[in-house]
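Inside the fold
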Amino acid sequence: MTEISLLPGPVSLSASVRAALQQPPMYHRSAEFLSLFDAVRRQLCALAGGRDVALFPGSGTVANDVIAATLAATGVNRGLILNNGEFGKRLVGQAARFGLRPQVLTWNWGQPWDLQMIATALDDLPSGSWVWGVHYESSTGVLNDFSGLMGLARQRNVRVCIDVISSLGAEPLDLRDVFLASSTSGKALGSCSGIAMVFANPEEIVPLDQSCVPTSLDLAAAMLHAGPRFTFPSAPLHAMAAVLNEYAAQPRLRFESYTALGRYVRDELHRLGLPPLADERHASSTIATFSAPNGWDSNSFVELCRCAGFLIGGQSTYLSERRLVQIATMGAIRQQECEAFFQYLDRLLLSHPPGRVALSTVVPPPNEG
Ligand SMILES: *Cc1c(COP(=O)(O)O)cnc(C)c1O
């Protein structure tokens, strides 16, 4: 049975991305590699409105470490971090490791940023300080008001750092005026994981004193370098080039289909009495988080779905300890695959009405299937 992946990563890959992954490894100093690397950087900037982008081997967390290291290199330790979910919380920890001492604004899971609170906090910061937050909070499915934040920061001359890890590729972005933005190849862009990226304006980054930044996280050096500074895997680069060609061919279509599919998923969850954690007014298109039905814990529910051929999120501790599960619609996933999942959920909930579930009879043993 081929499983249908509704995970936020690895995501379903299109045929052209799969084909790209079959190419033989390429030497990272070859002329061919350099031109592919350069083309990917230019296409990413075209897609996201960024001035320039540096690529690093690694996952999204690496890109956020680059942001923390670069903020430390500005010499401005004070700033503001916005935390309304797991990924906002992680930024706080990553900042602390580079000696940053920001104020942290925290909201409950499922709540969006409160711009009024942010404005008040920014008013207390000196001009030239920074604010750092997550655009799509993947743990809750909340879409935060990035353009509202940009407006507040512009009025106060505050630098904005933004994690667009699960929004890049899902909707049009304009990263031209951000100080730093982080993303990754393996989420909404619909490629395989392995490449971390940081968007920035080289004119703002190159003058910073990078002497205390770890070599592998040096953003200025990475942006100035033709090709990668160190060994770089070619498979995820080929895959990303394939994805970016799909975007270049039909950008609106990709964004619109993400939006339509996200709305379909949320409508179906409402119909089944499983409302998403994020209110519809600030729900993201790519991830819907909801409580596991009928008293199942996250792991049992994920396991039931897996046995029926559907991979959904819920095994991360930050979800399971809250009895949450999630469906992501990233990459080459189509509505008909989601329809199959909801038909399965229909049957499951019909045979196990609320309150009548006996865990021992419905949870399959761990090694079944
Ligand atoms: C997944 C994710 C991360 C972490 O990325 P990894 O690739 O797991 O290192 C950070 N921020 C957001 C919003 C994410 O969705």
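The structure reproduced in this document is the subject of the present report. It should be emphasised that the depicted structure is a prediction, and the values quoted were computed from it without experimental measurement.

Quantified by volume, the largest pocket comes out at close to 530 Å³. What lines the largest pocket is a set of 33 residues, among which Pro8, Gly9, Phe87, Ile165 and Lys187 lie closest to the centre. Those elements that place two or more of their residues in the lining of the largest pocket are helix H3 (60-74), helix H4 (86-97) and helix H12 (317-320). For the lining of the largest pocket, the per-class residue count stands at 13 nonpolar, 17 polar and three charged. Of the volumes computed, that of the second largest pocket is approximately 320 Å³. Considering the residues around the second largest pocket, the lining is formed by 19 residues, among which Arg254, Ser257, Gly331, Ala332 and Ile333 are closest to the centre.

This brings us to the sheet that holds strand E5 (residues 130-134). If you trace the seven strands from one edge of the open sheet to the other, you get E2-E10-E9-E8-E5-E3-E4, paired in mixed fashion. Looking at strand neighbours, the two that pair on one side only are strand E2 (52-57) and strand E4 (103-106), the edges of this open sheet. Along the sheet, successive strands turn relative to each other by an average axial angle of 20°, direction set aside. Where strand E8 (residues 159-163) meets strand E9 (residues 180-184), three bridges bridge the pair, whose relative direction is parallel. Directly across from Ile162, in E9, lies its bridge partner Ala181.

Here we come to the nonpolar core. Core analysis: the largest hydrophobic core is formed by 62 residues, its most contacted members being Leu44, Leu55, Ile118, Leu168, Leu175 and Leu189. With residues near it in sequence (within four places) discarded, Leu55 still touches Phe37, Val40, Arg41, Leu44, Ile195, Ala196, Met197, Phe232 and Leu237. Core analysis: the second largest hydrophobic core is formed by 34 residues, Ala68, Leu91, Ala196 and Ala200 among them.

On to the pattern of salt bridges, then. Applying the stated criterion to the full structure yields 16 salt bridges. Across the pair Asp52 and Arg41 runs a salt bridge whose closest N-O atoms are separated by 3.3 Å. Separated by eleven residues along the polypeptide, Asp52 in strand E2 and Arg41 in helix H2 (residues 31-48) bring together distant segments of the chain. Asp52 gets classed as buried once you look at its relative accessible area, which sits at 15%. Arg266 serves as the salt-bridge partner of Glu280, at 2.8 Å between the closest nitrogen and oxygen. Residue Glu280 is located in the loop between helix H10 (251-271) and strand E11 (287-291), and its partner Arg266 is located in helix H10; the two are separated by 14 residues in the primary sequence. For Glu280, a relative accessible area of 39% corresponds to the partly exposed category.

What counts, and at which threshold
- Residues numbered from 1 in each chain as written.
- Predicted model: local features only at pLDDT ≥ 70, side-chain atom pairs only at ≥ 80, totals over all residues.
- Heavy atoms only, no water.
- 1 Å grid on protein atoms, 1.4 Å probe; cavity = no way out; pocket = protein on both sides within 12 Å on 5 of 7 lines; lining within 4 Å.
- Points joined across faces, edges and corners; volume = space filled by probe spheres on them.
- Helix = DSSP H or I, 4+ residues; strand = E, 2+ residues; numbered from the N terminus.
- Nonpolar A, V, L, I, M, F, W, Y, C, P; charged D, E, K, R; others polar.
- Pairing = 2+ DSSP bridges.
- Axes fitted to C-alpha atoms, helices over the stretch in contact; angles between N-to-C directions.
- Core = buried A, V, L, I, M, F, W, Y, C linked by side-chain atoms within 4.5 Å.
- Buried < 20%, exposed > 50% of the residue type's maximum accessible area, 1.4 Å probe, protein only.
- Contact = heavy atoms within 4.5 Å.
- Salt bridge = Lys/Arg side-chain N within 4 Å of Asp/Glu carboxyl O.

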